[in-house]
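Below are the chains, spelled out letter by letter.
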Amino acid sequence: MTATPDAKPRGTRLPRMARRRQLLSAAQEVFVENGYHAAAMDEIAERAGVSKPVLYQHFPGKQELYLALLDVHVDDMIARCRDALASTTDNKQRVQAAIGAFFDFVSTQGEAFRLVFESDLRNVAPVRQRIERNLRESAEMISQVIQEDTGCSSDEARLLGVGLVGMAEVSARYWISSGGSIPKDAATQLIARLSWRGISGFPRTTAEH
């Protein structure tokens, strides 16, 4: 296969985890550029500057490589949401921080956010499980905060958590796909205001922060 301009030089020995990160980075470039079905392991190996046997030592096949990459980004998104909720005890600021986590994710990950939010493999069970984990765990963290501070039942709080995550995700995806015509901070504040005007209307069971 003819080397691409982005191909990495071969022959450099790396520690296993460093090599894995290198392979995932190359795979992300190829998956984002070509989509899963058109992506080839040959091209991923060439982009990473390794032989195919080296690539297969780390990942038995293309789906395993895709799932590993998906895990990285799902873990990142969940961590961003967790950090946002832990960043303050003021619930209005918490809402804005949580919304901001989704806007930050789509703006800093380039087109890779599509692997999590717009995967063309959603009907493949292992992929669907990972995408659903992102929604489930993010919504669960938010619902715990809602339940602690309101009189909502656990089921009601969970539904509200899912609603807030869905609003944040869809809004962030629309914002980035439309070219970010509104500055990110302004877009975040706009959706946060909408979310806060809704969630702040629920009776509180604890003193206002």
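Given the structure is predicted, the values throughout are model-derived calculations rather than measurements.

**Student:** Whenever I open this one, the pattern of salt bridges confuses me. Can you help?
**Tutor:** It is possible for side chains of opposite charge to pair when their charged atoms get near one another. Counting across every chain of the model gives 14 salt bridges. Note that Asp42 is salt-bridged to Lys52, the shortest N-O span being 3.1 Å. A residue pair is termed long-range when its members are at least 10 positions apart, and Asp42 in helix H2 (residues 41-48) and Lys52 in helix H3 (residues 52-58) qualify at 10 residues. For Glu169, the salt bridge is made with Arg173, and the minimal N-O distance between the two is 3.1 Å. Remark: Arg173 and Glu169 occur in helix H8 (residues 154-177); sequence separation between them is 4 residues, near one turn of the helix.

**Student:** How should the side chain of Lys62 be read in this particular structure?
**Tutor:** Tracing the chain through its elements places Lys62 in helix H4 (residues 62-86). Ignoring any residue separated from it by four or fewer positions in sequence, one finds Lys62 in contact with Phe31, Tyr36, His37, Ala39 and Met41.

**Student:** So what exactly am I meant to see when it comes to the nonpolar core here?
**Tutor:** As a rule of thumb, nonpolar side chains are buried together in soluble globular proteins. Core analysis: the largest hydrophobic core is formed by 58 residues, its most contacted members being Phe31, Ile44, Leu55, Leu65, Tyr66, Leu70 and Phe117. Elements with a minimum of two residues in this core: helix H1 (16-34), H2, H4, helix H5 (91-108), helix H6 (113-117), helix H7 (125-149), H8 and helix H9 (184-199). In terms of residue count, H4 provides more of this core than any other element does, 12 residues in total. Here this core spans two domains, and each of domain 1 (16-60) and domain 2 (68-199) adds at least three residues to it.

About the cut-offs
- Residues numbered from 1 in each chain as written.
- Predicted model: local features only at pLDDT ≥ 70, side-chain atom pairs only at ≥ 80, totals over all residues.
- Heavy atoms only, no water.
- Salt bridge = Lys/Arg side-chain N within 4 Å of Asp/Glu carboxyl O.
- Helix = DSSP H or I, 4+ residues; strand = E, 2+ residues; numbered from the N terminus.
- Contact = heavy atoms within 4.5 Å.
- Core = buried A, V, L, I, M, F, W, Y, C linked by side-chain atoms within 4.5 Å.
- Buried < 20%, exposed > 50% of the residue type's maximum accessible area, 1.4 Å probe, protein only.
- Domains from an automatic or database assignment.

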